[in-house]
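Geometric and topological summary
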Amino acid sequence: MILRALLAAFIGYVVYGFIKISRQFYKRFRKAEKIPGPPIEHRLLGHPSLALLEPKDIPKTVYQQYKEFGGIFRHWYAWVSFVFVAEANYAELYFTSKSLEEKADMYKLFHDWLGQGLITSNGALWHERRKLITPAFHFNVLNALHETLVQNAIALVQKLREHPKESPLNIYTVMHLVALDNICESAMGIKIDALNNPKLDYIQAVEDAAHAIAIRIGKPWFWNGLFYLTSTGRTLTSSLKKIFELAKKAILNSKNKKTATTEEQRAGEDDGIKVKRRLAFLDLLTEAHDSGTKPLSDEGLRDEVNTFIFAGHDTTATSLSFTLFLLGIHPDVQEKCYREMNDIFQGSDRKPTVDDLKAMKYLEQVIKESLRMYPSVPLISRKVKEDVQFGKYTIPEGATVALSIYCLHRDPKYFPNPNTFDPERFNSDNNTGRHPFAYVPFAAGVRNCIGQKFALMEEKIVVSYILRNFIIESLYGMDELELSFDLVLRSQKPLDVKLKPRSTNIDVIKI
Ligand code: HEM
C-alpha cells in the first residue's frame, strides 16, 4: 500500500515536473520565435543538426547564418534556446545589461580545471577575486616580466635558426610552446622550457585537458557524471592530476620564496623543471588581500593559476600564429613592419625596452587587424537572468546569448571589405569614431580580459624578434584557411611557413 502511494507520488512528481518544464519551454519559445533563424528541424529537438556541429563546421555555419539573418538569430537545442548576436549595439547590451551578468551554463564544464577562477566564477565571488587580482596585472608588474619574455624570444630565434630553411614549419606548433613557456614562467614562476622539451608530461596534460573539455562541450549528453566513465573523461581526470601537481609545487615555491633571501636559495630544480625565481603573478596573489578580505586559500590560488595558464597560452599562441601567417601572405605589410623595426633599432640587435614596444605602432595595428579577422576567442556566452530586450526582440529568461566576436568583427558597416586584411583600419585616423563595441577581441565591460596588456606585450616581443631575424613566407593564402572552433579559433590546416634568415638587419623583402 505504502509502496503504491510512493510510486503514485513519484509518477505525479515526474508528470508535474514535465508539465512545468514544457510550459516554461513553450513560453520561452513563443517569446523567442520572432527572432530570425533557420527553420525548426524537429518539433521537440529544435535544431539537432546545429547542436551537433563539429568544431570545424562552426565558424563557417555561424558566419553563413550571420550573413543570411543579420546581427541576431536563434537556435533551439531541445529545451535550450541559443541566441547569437553580432552587431555593435547588441554587443554593447551583451556587455552592459544587468540581466546578462552571469556566464552561460557551458562554463561549468571548465570547473574541474579552473574551479572558481576568474573566467568561471560569477557574482560576489568573481567581484572579490577580480578586485584582489587586478593589482597583479599592474603595468609595473608587467614591465618586470618583460625580461622573461625577451629571454624566451631569444631562445625562440635560436630554435628557429636550427630549423632547415627550405622545409615548411607549422608556425602554430612553435608558438604554442613559446606561449606555454611565457605563461608558466609569468604566472607560476616556473620555467618548463617547453621549446626544448615539447614532450613534457605537463604540456601533454594541458593539451589533453583542453581537448577533453572541447569534446564534452560538443556532446551535451555528457554534461553529467557519465562523462567521467568515458575514455575522454578519464583522460581529463588524469591530465588534471598532473596539472594540479605543478600548480601545487608553484604555490609551495611561491610561499617559500617569501622566506628565502638569496638568488641561489630561490632557484632550484624539481623533476627536471627549473624553478626560476622571478616575480610571477602567483607571487602577488599569495599576498593579495586588503583590510576587508582574506588572502586566497591554496585552492583559490590553484584555480587562478590554472585560469591564467588556460586563458593565457592558446589565446596568444593562435593570435601569434595568425599574425605571423598573415605577415607571410602580405610581404608589403611585413616590409613596413620591418622598416619600423629598423627605425627603432637602427640595425642593432639590442633587446627591446618597454619604450621600444610602445614605439611599435604599426606592428600593433597588424596584431589588432589579425585579431579582428581571427579573434582567438570567437564566441562567448552569458545566461539570461530575466527577459531582456535586444532592439525589437525579447530574449527570454533562461536562454543563452552567444556573442560571435568573429562575425561582429566582419560587420561591413564598421569594417568595409571585412574579409580583406588591412592594418590601416587601426591607424590613428581610421580608429577614431568607430562604435566602441564594434571591436572586442578581449571582450569589454567589467569582465574584459585581465591579461590583454600582457598578451599585447608578449606578442610584440615575439613578432618583433622574428621579424628582425627572418623573412616569413606563408605557403598558402587566406582563401585556403580552414578554421575550426575548438575552445579557441584554430586553423585546421597546418599554418605552414618558410622562414628565411636575414643575413643583415637591413634586408628588405622583395615584393
Ligand atoms: C590574444 C590573447 C588573448 C585574447 C584574445 C583573450 C580574450 C579574452 C576574452 C574574449 C575574454 C572574455 C571571456 C568570456 O567572456 O568568456 C577573456 C577573459 C579573460 N582572460 Fe583573456 N585573452 C587573451 C590573453 C589572456 C592572457 C595572456 C591572460 C592571462 C595572463 C588572460 C586571462 C584572462 C582572464 C583571467 C579572463 C577572465 C576575466 C574575468 O572574467 O574577470 N587572457 N580573455
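Residues numbered from 1 in each chain as written. Predicted model: local features only at pLDDT ≥ 70, side-chain atom pairs only at ≥ 80, totals over all residues. Heavy atoms only, no water.

Cut-off, in case you're wondering: UniProt positions are given in the numbering used here, feature names are shortened, and annotations may be inferred rather than shown by experiment.
An unreviewed UniProt entry annotates the protein as Cytochrome P450 originating from Bemisia tabaci. Per UniProt, the comment on the protein under Cofactor (unreviewed entry) is "heme".

Thoughts on the packing of aromatic side chains
Note the cut-off: In this analysis, rings of Phe, Tyr and Trp, with Trp reduced to its six-membered ring, are considered paired at centre separations within 6.5 Å, and the interplanar angle assigns stacked below 30 degrees, edge-to-face beyond 60, and tilted for intermediate values. Charge-over-ring placement is defined geometrically: NZ (Lys) or CZ (Arg) within 6 Å of the ring centre, and within 35 degrees of the ring normal.
Taken as a whole and assessed by the stated rule, the structure comprises 23 aromatic pairs. Between F227 and Y228 the ring centres are 5.5 Å apart and the planes differ by 75°, which places this aromatic pair in the edge-to-face class. Site record: aromatic cluster; members linked through ring pairs are F69, F73, Y77, F82 and F84. Against the face of F470 rests R161, its NZ or CZ located 5.4 Å from the ring centre. Taking the ring centre of Y465 as reference, the NZ or CZ of R468 above it sits at 5.5 Å.

Some details on helix α8 (residues 171–188)
Our working definition: By definition, any uninterrupted DSSP run of H or I lasting at least four residues is a helix, any uninterrupted run of E lasting at least two residues is a strand, and each is numbered from the N terminus. A helix is expected to reach a length of 1.5 Å times the quantity of its residues less one. Relative accessibility under 20% of the residue-type maximum defines a buried residue, over 50% an exposed one, and the middle range a partly exposed one, all with a 1.4 Å probe and only protein chains included.
Here α8 is 18 residues long and its end C-alpha atoms lie 25 Å apart, about the 26 Å a rise of 1.5 Å per residue gives. Counting buried positions along α8 gives 17 out of 18 residues, so the element sits mostly inside the fold. Within two residues after α8, G189 carries a phi angle of roughly 75°, on the positive side.

A word on the layout of surface pockets
Put simply, the test is: Throughout, the protein atoms alone are placed on a 1 Å grid, and a set of points is a cavity if a 1.4 Å probe fits but cannot get out or a pocket if it is open with protein on both sides within 12 Å along at least five of seven lines; lining residues have an atom within 4 Å of a point. Grid points are joined across faces, edges and corners, and a volume is the space filled by probe spheres set on the points. Under the scheme applied, nonpolar residues are Ala, Val, Leu, Ile, Met, Phe, Trp, Tyr, Cys and Pro; charged residues are Asp, Glu, Lys and Arg; polar residues are all the others, including Gly.
Approximately 520 Å³ is the volume attributed to the second largest pocket. Taken together, 19 residues make up the lining of the second largest pocket; nearest its centre are F139, L142, N143, K453 and M457. If you list the elements that add at least two residues to the lining of the second largest pocket, you get α7 (139–162), α15 (354–359) and α19 (452–469). Counting residues per element, the lining of the second largest pocket draws most heavily on α19, at 5 residues. Broken down by class, the residue content of the lining of the second largest pocket amounts to 9 nonpolar, 5 polar and 5 charged.

Considering the environment of Y465
Note the threshold: Note on definitions: a residue-residue contact is assigned when non-hydrogen atoms from the two residues lie within 4.5 Å.
Topologically, Y465 is positioned in helix α19. Residues Y465 and A153, 312 residues apart in the sequence, show an inter-C-alpha distance of 6.5 Å. If we ignore the near neighbours within four places in the chain, the residues touching Y465 are V150, A153, I154, V157, R350, K351 and P352.

A closer look at the site of the ligand
Our working definition: Definition of nearness: a residue and a molecule or strand are near each other if at least one heavy atom of the residue lies within 4 Å of the molecule or strand. Polar contacts, as counted here, are pairs of nitrogen or oxygen atoms within 3.5 Å of one another; within protein the pair requires one atom able to donate a hydrogen and one able to accept it, and residues that are adjacent in sequence qualify only if both atoms are side-chain atoms.
Surrounding the ligand, one finds 28 residues, the nearest of these being Y107, W126, R130, R447 and C449. Taking K103, its side chain carries an N or O atom lying 3.3 Å from an oxygen atom of the ligand. A distance of 2.8 Å separates an oxygen atom of the ligand from a polar atom in the side chain of R130. Listed by contribution, the elements that provide at least two residues to the shell around the ligand are α6 (123–133), α13 (298–329) and α19. For the shell around the ligand, the residue count by class is 16 nonpolar, 8 polar and 4 charged.

Focus: empty space enclosed by the protein
Applying the stated criterion across every chain yields a total of 2 cavities of 30 Å³ or more. Estimates place the volume of the largest cavity at around 80 Å³. Lining the largest cavity we find I58, P59, V62, P378, L379, S404, Y406, F485 and L489. In terms of residue count, helix α3 (residues 58–69) provides more of the lining of the largest cavity than any other element does, 3 residues in total. For the lining of the largest cavity, the per-class residue count stands at 8 nonpolar, 1 polar and no charged.

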